Amino acid sequence: MLKFAKHFCPTLLPRGHTLVPSSSLVPGNDPTLLFTNSGMVQFKDVFLGADKRPYKRAASAQRCVRAGGKHNDLENVGYTARHHTFFEMLGNFSFGDYFKRDAIQFAWEFLTGVLKLPPERLWVTVHISDDEAADIWIKEVGVDPTRFSRLDADNFWQMGDTGPCGPSSEIFYDHGPGVPGGPPGSPDDGLDRYIEVWNLVFMQFERQTSGELIALPKPSVDTGMGLERIAAVMQGVHSNYEIDLFQALLRATSEATGCRNFEEKSLRVIADHIRSCSFLIADGVLPSNEGRGYVLRRIIRRAIRHGHKVGQEKPFFHKLVAALVEQMGEAYPELAAQQQHIQKVLLTEEEQFAKTLDKGLAVLAGKLESLSSKIIPGDVVFTLYDTYGFPADLTNDIARERGLALDMAGYEALMEQQRDQSRSAGAFKMDYTAGLDLAGETSFRGYEGLSSETSITALVRGRFQVDRLSEGEEGVVVLEHTPFMPSRAGR
């Protein structure tokens, strides 16, 4: 698969494209995005005219994450053949240079000429209003009109409520009559027979706040083709998890967890999650209780829970980094360079979550035994999050396996109540250290220096040791050693 990724962009270079390296998963030009989720993100300012580059044509293989915000595939990962938290998006781009004719011809030549895909296995769609693209496909390229559809909303792309937008043309691969599903636009559309492999976006308008579409002076092209999807086509398999890279990760996951059933969905969840977690950490994201760090923590804990589900109760997730580096380290040297750091971060998270995982699962099991409906109450979801560090989507993952749903309205109400209490707290301060009885001791190193690196050995809220302290809460942080002199208020 990686060899295929490396050969993609050079095939376009003779047509004047500049090969642009993948940007970070943390967008540097868009504070509205949690993560880079498509190939065009690093070129957004170029499309808007705010960034000038020395090239008008580009090609890239962009690493992407969709696990938070508007684009969130987390809960589907492991249950479908094509959802991932991490994936690679291949693309070619024109910044006011070539437009529909060249974009369409490049795509068709690459699929049928370079990859040798049979034209009769491909299906093309355009927007219902796009007669120009339709004529190019049918009259110039020679696509069979019986394998061609005009669609509405599915074939119009826009960056937001305002800004650059335009019609698109999608190319689907037909996996054959042995797979359920109908062509795009049919009643059976959405099943697995016809799979989109390439989307060509023709940015030719700017949408005004009034909704009016104004023609852009320099129309541009943004294309995207999922590497995992096209690799599945090229390797003659139907599921992305059957391609060579994932098969290697699944074997490593099986060895690390002790689960030998390769049909087990939990193995697919873990194999997917090691990619997103490792690349996020390599790009500077660390587990935390907010923002990008919280999404990372959710993904890590979901992977750990699935390992626990198949019988692995010891730390295992960090061991998969080596297998990932073996598969992807050549294409992404930064992954290999930070292997030890990534493993350390993951192991720390595993050890931290292990302290409360069993207790949380036991609490949930007890609540499910007495459940009188198909809905897990919001207060149970809240308790699992607040006391045991279970994100709501992790509880939902467990519920889904049992055919249950969550009372998210009740959960959100309790979360908001907690936020209100945190904001209103502070009228008086509590001495959290009174009556504390924790094992071990914190060594004092103040005579050796005024600062030192240390680790947290315990967190305490009120009279109880907890797994986490949320934003706005007060509690005690117990350190392994400290340069601060112990003292008690009032002495």
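This text follows the structure it describes.
Residues numbered from 1 in each chain as written. Predicted model: local features only at pLDDT ≥ 70, side-chain atom pairs only at ≥ 80, totals over all residues. Heavy atoms only, no water.

Some points on the overall build of the chain
Okay, so step 1: Secondary structure assignment for the chain yields 14 helices and 18 strands.
Okay, so step 2: In the chain, which comprises 491 residues, the share counted as buried stands at 51%.
Okay, so step 3: Considering only intrachain contacts with a sequence separation of at least 6, the fraction spanning at least 24 residues in the chain is 70%.
Okay, so step 4: Per element, the accessible surface of the chain, about 23400 Å² overall, is 51% carbon and sulfur. (Helix = DSSP H or I, 4+ residues; strand = E, 2+ residues; numbered from the N terminus. Buried < 20%, exposed > 50% of the residue type's maximum accessible area, 1.4 Å probe, protein only. Contact = heavy atoms within 4.5 Å. Areas by Shrake-Rupley, 256 points an atom, 1.4 Å probe, with all protein chains shown as cover.)

Re the pattern of salt bridges
Side-chain pairs of opposite charge can arise where the charged atoms are in close proximity.
Okay, so step 1: A complete count under the given rule lists 22 salt bridges for this structure.
Okay, so step 2: Arg147 is paired through a salt bridge with Asp174; the nearest N and O atoms lie 3.3 Å apart. With Arg147 in the loop between α4 (131–141) and β7 (148–151) and Asp174 in strand β9 (residues 163–174), the pair connects residues that are 27 residues apart, well separated along the chain. Of the two residues, Arg147 and Asp174, both sit in the buried class.
Okay, so step 3: Each of Arg302, Arg305, Lys309, Asp397, Glu401 and Arg402 takes part in salt bridges that share partners, so that together they form one network. (Salt bridge = Lys/Arg side-chain N within 4 Å of Asp/Glu carboxyl O.)

Notes on the packing of aromatic side chains
Okay, so step 1: On inspection of all chains with the given rule, the structure shows 15 aromatic pairs.
Okay, so step 2: When the centroid spacing of 5.3 Å and the interplanar angle of 50° are considered together, the rings of Phe43 and Phe95 count as tilted. Of the two residues, Phe43 is situated in the loop between β1 (18–19) and α2 (44–48) and Phe95 in the loop between β5 (86–94) and α3 (100–114); the sequence distance between them amounts to 52 residues.
Okay, so step 3: Ring geometry for Trp123 against Tyr194: centres 5.7 Å apart, planes inclined by 75°, an arrangement best described as edge-to-face. Linking Trp123 in strand β6 (residues 122–127) with Tyr194 in strand β10 (residues 194–207), this pair joins segments that are 71 residues apart in sequence. With respect to burial, Trp123 and Tyr194 carry one shared label: buried. (Phe/Tyr/Trp six-rings, centres within 6.5 Å; stacked < 30°, edge-to-face > 60°.)

Observations regarding the nonpolar core
Okay, so step 1: Membership of the largest hydrophobic core comes to 70 residues, with the highest contact counts inside it found for Phe317, Leu346 and Phe390.
Okay, so step 2: In terms of residue count, helix α7 (residues 265–282) provides more of this core than any other element does, 9 residues in total.
Okay, so step 3: Not counting residues within four places of it along the chain, the set of residues in contact with Leu346 comprises Ile274, Cys277, Ser278, Ile281, Ile300, Phe317, His318 and Val321.
Okay, so step 4: In terms of nonpolar packing, the next biggest core, distinct from the first, is built from 33 residues, Phe110, Leu117, Phe148 and Leu200 among them. (Core = buried A, V, L, I, M, F, W, Y, C linked by side-chain atoms within 4.5 Å.)

Notes on the environment of Arg305
Okay, so step 1: One can find Arg305 in helix α8 (residues 291–309).
Okay, so step 2: On the basis of relative accessible area, Arg305 is assigned to the buried category, the value being 5%.
Okay, so step 3: Excluding residues within four positions of it along the chain, Arg305 makes contact with Leu357, Leu361, Leu394, Asp397, Ile398 and Glu401.

Here we look at a negative patch on the surface
Okay, so step 1: On the surface, a cluster of negative charge is made up of Asp152, Asp154, Asp188 and Asp189.
Okay, so step 2: In this fold, Asp152 is placed in the loop between β7 and β8 (156–158). (Patch = residues over 30% accessible without salt bridge, like charges linked within 9 Å, V, L, I, M, F, W, Y side chains within 5 Å. Lys, Arg positive; Asp, Glu negative; His and termini not counted. Charge placed at Lys NZ, Arg CZ, Asp CG, Glu CD.)

Here we look at the packing of α8 against helix α11 (residues 339–369)
Okay, so step 1: Direction vectors running N to C along α8 and α11 enclose 60°, while the axes themselves pass 10 Å from each other. The angle between α8 and α11 places the two elements in the oblique class. In the crossing of α8 with α11, the sense of the turn from one axis to the other is right-handed. Facing Arg297, Ile300, Arg301, Ile304, Arg305 and His308 of α8, the residues of α11 in contact are Leu346, Glu349, Glu350, Gln352, Phe353, Leu357, Asp358 and Leu361.
Okay, so step 2: Each residue belonging to the contact of α8 with α11 can be placed in one class, and the counts come to 6 nonpolar, 2 polar and 6 charged. (Axes fitted to C-alpha atoms, helices over the stretch in contact; angles between N-to-C directions. Parallel < 35°, antiparallel > 145°, perpendicular 65-115°, else oblique. Left-handed = near helix turned anticlockwise from the far one by under 90°. Nonpolar A, V, L, I, M, F, W, Y, C, P; charged D, E, K, R; others polar.)

Re unusual backbone geometry
Okay, so step 1: One non-glycine residue with positive phi stands out, namely Lys116, at about 65°.
Okay, so step 2: Following the sequence through the fold, Lys116 ends up in the loop between α3 and β6.

Some remarks on the packing of α7 against α11
Okay, so step 1: As a packed pair, α7 and α11 sit with axes 9 Å apart at the nearest point and diverge in direction by 115°. When the interaxial angle is binned, α7 and α11 end up roughly perpendicular. Here α7 runs over α11; the crossing is right-handed. For the pair formed by α7 and α11, the contact residues are Ile274, Cys277, Ser278, Ile281 and Ala282 on the first element and His341, Ile342, Val345 and Leu346 on the second.

Some thoughts on α3
Side chains that are three or four residues apart share a direction in an α-helix, a result of its 3.6 residues per turn.
Okay, so step 1: With 15 residues, α3 extends 20 Å between its outermost C-alpha atoms, agreeing within 8% with the 21 Å of an ideal straight helix rising 1.5 Å per residue.
Okay, so step 2: Within the span of α3, buried status applies to Lys100, Ala103, Ile104, Phe106, Ala107, Trp108, Phe110 and Leu111.
Okay, so step 3: At the C-terminal side of α3, Lys116 shows a positive phi close to 65°. (Expected span 1.5 Å × (residues − 1).)

Examining helix α12 (residues 378–388)
Okay, so step 1: Buried residues dominate α12, accounting for 8 of its 11 residues.
Okay, so step 2: When we look at burial in α12, the residues that qualify are Gly378, Val380, Val381, Phe382, Leu384, Tyr385, Asp386 and Tyr388.

As for the side chain of Ser239
Okay, so step 1: Assignment of secondary structure puts Ser239 in the loop between α5 (227–234) and α6 (244–257).
Okay, so step 2: We classify Ser239 as buried; its relative accessible area is 8%.
Okay, so step 3: Once residues within four sequence positions are removed from consideration, Ser239 is found in contact with Ala81, Arg82, Ala232 and Arg268.

With respect to the environment of Leu364
Okay, so step 1: By secondary structure assignment, the location of Leu364 is in helix α11.
Okay, so step 2: Among the residues examined, Leu364 registers a relative accessible area of 2% and is labelled buried.
Okay, so step 3: Distance from Leu364 to Val381, taken between C-alpha atoms, is 8.7 Å for residues 17 residues apart in sequence.
Okay, so step 4: Excluding residues within four positions of it along the chain, Leu364 makes contact with Ile376, Val380, Leu384 and Ile398.

Some words on the pairing of strand β2 (residues 57–65)
Okay, so step 1: With 9 of 9 residues buried, β2 is to be regarded as a mostly interior element.
Okay, so step 2: On β2, burial covers both faces: Arg57, Ala59, Ala61, Arg63 and Val65 on one face and Ala58, Ser60, Gln62 and Cys64 on the other are all buried.
Okay, so step 3: Relative to β2, β1 runs parallel, the two sharing 2 bridges. Bridge pairing in β2 links Thr18 to Ala58.
Okay, so step 4: Inspection of the sheet shows β2 paired to β5 by 9 bridges, in the antiparallel sense. Note that in β5 the partner of Arg63 across the bridge is Glu88. (Pairing = 2+ DSSP bridges.)

All quantities given are derived from atomic positions and should not be read as evidence of function.
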